[in-house]
Amino acid sequence: MDRLIAMQTFALVADLSSFSKAAEALQVPNATVSTRISQLEAHLQVKLLQRTTRRLSLTDDGAAYLERARRLLQDLDELEARVTGDVASPKGRLRIDVPAAAGRHVLGPHLPEFFRRYPGITLDIGSSDRPVDLVTEGVDCVIRGGAVHDEQLVARKLGTFEVITCASPAYLKRYGVPQSPADLPGSSHHAVNFFSAKTGRTFSFDFEKDGQAMEVMLPHQVSANDADTQMALCLQGLGLMQYPRTQALQDQINAGALVQVLRGWSAGSLGLYVMYPRNRHLSARVRVFVDWVVALYAPKFAALEAAG
């Protein structure tokens with residue numbers, strides 16, 4: 001038994017609460033993971049994991065061993081990085097999850113530059129707006145908009161988007177241009193609404209002017225839980241929408257495909273963050289990716305601020 005590999009496997013199984021997910025992450029058969037854990041338990045002469053058909057949990061001995069094992073593995077990673085120069089030339093697989101719009105319009109066009117700089121890194125990119133449990137799903141970092149509520153995550157702010165209200169010219173020609181949020185309730189106006197992938201809750205339209213706040217819930221024929229899809233539907237004239245002023249949205253406004261309305265009313269703002277687990281060792285590959293993302297977004301937010 002290779003004790004180091006067995007320890008690394010045990011830590012991954014504990015993080016993911018799953019033998020099969022650990023096997024997938026390690027790219028080995030399920031039986032290999034099971035054998036490594038059994039051999040480690042036999043060597044230590046203690047039970048580390050309590051396994052049933054429905055649940056996997058740490059024993060008291062397993063929790064104590066995991067805490068010390070993580071420290072040892074972190075120290076070893078740092079030592080090897082210094083000796084091999086991995087800090088300067090990081091290698092390995094990196095799992096990230098980003099909104100589809102960010103992957104398509106921001107990260108994607110610049111990834112060739114990233115790989116020229118870090119050819120040893122392999123990226124697995126998930127694209128969604130849904131909440132992600134980084135530890136359980138084995139994801140190294142995510143990009144998300146909105147307030148950060150999880151204290152287990154380290155969040156680095158990329159910037160703040162102004163949220164605006166807009167619609168297509170075809171929609172406005174048919175239903176008219178609203179002059180005030182008070183014009184919306186009870187009118188023929190409707191929205192391309194956005195709903196939470198986690199709760200299913202539909203978000204209202206929010207407005208503020210001179211200290212006066214209004215919340216309007218517009219009916220919809222179609223709603224979406226993905227920002228890219230929401231914009232595509234709005235472009236088809238299917239309703240008003242409130243959307244962060246990203247570069248993709250600004251391009252549509254500049255081209256005349258979308259029109260900002262209710263300019264005198266603020267619709268709030270949306271912070272964008274890159275986040276990773278607080279209790280997970282920040283490997284060299286995660287560190288360089290996070291730093292690269294921060295540097296990538298900085299001029300984009302500056303340009304958007306100037307355009308706004």
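Residues numbered from 1 in each chain as written. Predicted model: local features only at pLDDT ≥ 70, side-chain atom pairs only at ≥ 80, totals over all residues. Heavy atoms only, no water.

Draft legend 1. Spotlight on the overall build of the chain. Check the secondary structure of the chain and you find 10 helices and 13 strands. A principal-axis box enclosing the C-alpha atoms of the chain has dimensions of 75 × 45 × 35 Å. Expressed as a percentage of the 308 residues in the chain, the buried residues total 43%. Partitioning the contacts of the chain with sequence separation of at least 6, the portion at a separation of at least 24 is 73%. Summed over all atoms, the accessible surface of the chain reaches about 16400 Å², with 49% contributed by carbon and sulfur. A gap of 3 Å separates the mean positions of the 33 positive and 32 negative side-chain charges of the chain. (Helix = DSSP H or I, 4+ residues; strand = E, 2+ residues; numbered from the N terminus. Buried < 20%, exposed > 50% of the residue type's maximum accessible area, 1.4 Å probe, protein only. Contact = heavy atoms within 4.5 Å. Areas by Shrake-Rupley, 256 points an atom, 1.4 Å probe, with all protein chains shown as cover. Lys, Arg positive; Asp, Glu negative; His and termini not counted. Charge placed at Lys NZ, Arg CZ, Asp CG, Glu CD.)

Draft legend 2. Region of the structure containing the side chain of Thr-9. Along the polypeptide, Thr-9 turns up in helix 1 (residues 3-16). Residue classification places Thr-9 among the buried positions, given a relative accessible area of 1%. Residues within four places of Thr-9 in sequence aside, it is in contact with Leu-26, Val-33, Arg-36 and Ile-37.

Draft legend 3. The arrangement of helix 2 (residues 19-26) in detail. Within helix 2 the residues assigned to the buried category are Phe-19, Ala-22 and Ala-23. Across the axial projection of helix 2, the buried residues extend over an arc of 100°, all falling on one side. Tucked inside the fold, the buried residues of helix 2 contact helix 1, helix 3 (30-44), strand 1 (49-51) and strand 2 (56-58). With its phi angle positive at about 60°, Gln-27 sits one or two positions after the end of helix 2. (Arc of directions from axis to C-beta.)

Draft legend 4. Expanded view of the packing of aromatic side chains. Throughout the structure, instances matching the rule amount to 11 aromatic pairs. Ring centres of Phe-10 and Tyr-65 lie 5.7 Å apart, and the angle between their planes is 55°; on these two criteria the pair is classed as tilted. With a gap of 55 residues between them, Phe-10 in helix 1 and Tyr-65 in helix 4 (residues 60-84) connect regions that are remote in the sequence. A residue is classified by how much of its surface remains accessible, and Phe-10, at 0% relative accessible area, is buried. (Phe/Tyr/Trp six-rings, centres within 6.5 Å; stacked < 30°, edge-to-face > 60°.)

Draft legend 5. Representation of the pairing of strand 3 (residues 92-98) within the structure. Pairing analysis gives 7 bridges linking strand 3 to strand 4 (residues 121-127), with the strands arranged parallel. Each bridged residue has a counterpart across the sheet, and for Asp-97 the counterpart in strand 4 is Gly-126. Handedness of the crossover joining strand 3 and strand 4 through helix 5 (residues 100-117) is recorded here as right-handed. Note: strand 3 against strand 5 (residues 141-145), 2 bridges, orientation parallel. What sits directly across from Ile-96, in strand 5, is Cys-141. (Pairing = 2+ DSSP bridges. Right-handed = clockwise from strand over helix to strand, strands pointing away.)

Draft legend 6. Fine view of the packing of helix 1 against helix 2. Two elements in contact, helix 1 and helix 2, have axes whose closest approach is 8 Å; the angle formed by their N-to-C orientations is 125°. Comparing their axes, helix 2 and helix 1 come out oblique. Note on packing geometry: the crossing formed by helix 1 with helix 2 is right-handed. When helix 1 is examined against helix 2, the residues Thr-9, Leu-12, Val-13 and Leu-16 are found in contact with a partner set consisting of Phe-19, Lys-21, Ala-22, Ala-25 and Leu-26. Split by residue class, the contact of helix 1 with helix 2 holds 7 nonpolar, 1 polar and 1 charged. (Axes fitted to C-alpha atoms, helices over the stretch in contact; angles between N-to-C directions. Parallel < 35°, antiparallel > 145°, perpendicular 65-115°, else oblique. Left-handed = near helix turned anticlockwise from the far one by under 90°. Nonpolar A, V, L, I, M, F, W, Y, C, P; charged D, E, K, R; others polar.)

Draft legend 7. Focus on the nonpolar core. Of all hydrophobic cores here, the largest spans 29 residues; its most connected members are Leu-107, Ile-143, Phe-289 and Tyr-297. Listing elements by their share of this core, those giving two or more residues are strand 3, helix 5, strand 4, strand 5, strand 6 (153-167), strand 13 (269-277) and helix 10 (284-307). Per element, the largest residue contribution to this core is 10 residues, and it comes from helix 10. If we skip the residues at most four places from it in the chain, Ile-143 touches Asp-97, Val-98, Pro-99, Leu-107, Leu-158, Leu-272, Tyr-273, Val-274, Val-293 and Tyr-297. Counting 20 residues, the second largest nonpolar core, distinct from the first, contains Met-7, Leu-16, Val-33 and Leu-40. (Core = buried A, V, L, I, M, F, W, Y, C linked by side-chain atoms within 4.5 Å.)

No statement about biological role is implied by the geometric values presented.
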